[in-house]
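Examination of the molecular architecture
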Amino acid sequence: MGLVGKFGTPGAVQDVPAGSPLFDRWHRLINRLIAPSTALSGSGAYLDPSQRDLEVTATRAHTWTGFSRPLLMQHRDDRAAAFAAGEQRSTQIEYLEWHVDRDPDGVIVRVTFTTETPEYWKLLADVAPDRVVALYRKLVDPAVRRADLFDAKGNYKPLNRWNTTDGIVHYVMPINSMKDLLGVSQEVEQTGKALDGYDALPYGRETGADARINIDLWSICRKGYAVATQDPPGPVMIDWDDSGWTDPDGEPVADHWTVVRGRRGAALRVVYEVPAAAGYRVGDIRIGGRPIEFGGQLAEHVIMAAHGIIDQDPR
């Protein structure tokens, strides 16, 4: 018997009633993405906790920040250029995507972040299309129509306008997915003789997330431990750092982060918006003395994580 009887939905959200086929189908999807056992590095292994009865000796949060590391590398001497490029969803590749809303003056009034995967929303759309329409109306705009989200045959359209140009619900970047997260978690260290995580570099991918996950898992496995995903699996926002952010009067900003889906410490959807009563906008806030002009300036301060468990015996 496995440690996990059935993989939970992302962030443990309950978008449909108990007994819905969504839960069994989600479990089967995750189960297909995890091999029974994969030797990553050294004598340890990555295991499927739904097939192995692991004795958890520790947990580990593999963490990184949400802004694209490749953009920071490409624009090393011009951070404004990096943040400007980061406005395109096609560049948001650290398992965090966001949408910026501006007022008629072009000043940012809201930034919405998501870590939700397309696999989950496609399954939800298949088993409960009306619920998907209702959620889009709640999360993005009451004007959402069913025809905006589904084609004439009833197939869900992930790249619909409310998830791209006019809003955000879940990932649209192909490499941001549950498949990719669990896939990179099971990547084997190629040298076969690395003494630590950095010995295994240079690493083919430039993203901070994938490199962080590999370095952590490889170093744990080289100590002879078994590792696995914590349940529920998936990327989440575990924290954000707004220390040093100041309002137009130069005072520290209040807490303007709102978790919309998930919970604090394991958030799937977060909105950063200043209440009207405060008398200023997100774009009036300064970070390190510089006004917020791009959503990526906030994303750089969002702490992402994928959670794992550790077992003494790799079996």
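My aim in this report is to walk through the structure given alongside it, one point at a time. Just so it is clear, the model here is predicted, and its values are computed rather than measured. As a convention, each chain's residues are numbered from 1 in the sequence order in which they are written. Reporting in this predicted model follows two pLDDT cut-offs: at least 70 for local features of residues, and 80 or more for side-chain atom pairs to be given and counted; totals over whole chains, interfaces and linings ignore these cut-offs and use all residues. Values shown for side chains rest on all heavy atoms present in the structure; no hydrogens or waters enter the calculation.

**Section: helix α1 (residues 21–33)**
With 13 residues, α1 ought to run about 18 Å at 1.5 Å a step, and its terminal C-alpha atoms sit 19 Å apart, in line with that. Buried within α1 are the following residues: L22, F23, W26, H27, L29 and I30. Down the axis of α1, the buried side of the element spans an arc of 160°, and every buried residue falls inside it. When checking whether two residues touch, look at their non-hydrogen atoms; a contact exists if any pair is within 4.5 Å. Numbering of helices and strands runs from the N terminus, with a helix taken as a DSSP run of H or I at least four residues long and a strand as a DSSP run of E at least two residues long. Summarising the contacts, the buried residues of α1 are in contact with α4 (118–127) and α7 (178–185). Each residue after the first adds 1.5 Å to the expected span of a helix. Three labels apply to residues, based on accessible area from a 1.4 Å probe with only protein chains included: buried if under 20% of the type maximum, exposed if over 50%, partly exposed otherwise in between. In this description, one arc is meant: the one made by directions from the helix axis to the C-beta atoms.

**Considerations on the pattern of salt bridges**
Salt bridges are defined by distance alone: a side-chain nitrogen of Lys or Arg within 4 Å of a carboxyl oxygen of Asp or Glu. Under the criterion given, the structure shown has 19 salt bridges. D103 is the salt-bridge partner of R281, the closest N and O atoms lying 2.8 Å from each other. With R281 in the loop between β10 (266–273) and β11 (286–287) and D103 in the loop between β4 (97–102) and β5 (108–114), this residue pair connects regions lying 178 residues apart in the sequence. Residue classification places R281 among the partly exposed positions, given a relative accessible area of 29%. Classification of D103 by relative accessible area gives buried; the value is 18%. Across the salt bridge formed by E116 and R261, the nearest N and O atoms sit 2.5 Å from each other. Of this pair, E116 sits in the loop between β5 and α4 while R261 sits in strand β9 (residues 257–263), and the two are 145 residues apart along the sequence. Note on accessibility: E116 and R261 belong to one class, buried. Here the salt bridges share partners, and the residues they tie into one network are D15, E116, R131 and R261.

**Remarks on the environment of E94**
Relative to the helices and strands, E94 is located in the loop between α3 (79–85) and β4. Residue class for E94 comes out buried when judged on its relative accessible area of 1%. Remark: the alpha-carbon pair of E94 and P70, spanning 24 residues in sequence, is separated by 9.7 Å. The residues touching E94, leaving out its near neighbours within four places in the chain, are W64, T65, G66, F67, S68, R69, P70, N176, T207, G208, A209 and M304. At 2.9 Å, the side chain of E94 forms a polar contact with the backbone nitrogen of G208. What qualifies as a polar contact is a pair of N or O atoms within 3.5 Å, subject to a donor-acceptor requirement within protein and to the restriction that residues adjacent in sequence count only when both atoms come from side chains.

**Some words on the nonpolar core**
One broad rule of soluble globular proteins: the nonpolar side chains tend to lie buried together. Here the nonpolar core consists of buried residues drawn from Ala, Val, Leu, Ile, Met, Phe, Trp, Tyr and Cys, with membership extended through side-chain atoms lying within 4.5 Å. In this structure, F113, W121, L124, V132, Y136, L149 and M237 are the most contacted members of the largest nonpolar core, which totals 77 residues. Not counting residues within four places of it along the chain, the set of residues in contact with F113 comprises L96, E97, W98, M237, W257, L268, R269, V270, G295, L298, A299 and V302. Core analysis: the next-biggest nonpolar cluster, separate from the first, contains 6 residues, A45, L47, L54 and A226 among them.

**Focus on the packing of α7 against helix α8 (residues 208–221)**
For helices, the fitted axis covers only the stretch in contact; all axes are lines through C-alpha atoms, and the angles between them, taken along N-to-C directions, range from 0 to 180 degrees. Packing of α7 against α8 brings their axes to within 9 Å, and their N-to-C directions diverge by 35°. Pair α7 / α8 crosses with right-handed handedness. Together, L181, V184 and S185 of α7 and D210, I213, N214 and L217 of α8 make up the contact between the two elements. Handedness of a helix crossing follows the sense of rotation of the near helix relative to the far helix, less than a right angle counterclockwise being left-handed and clockwise being right-handed.

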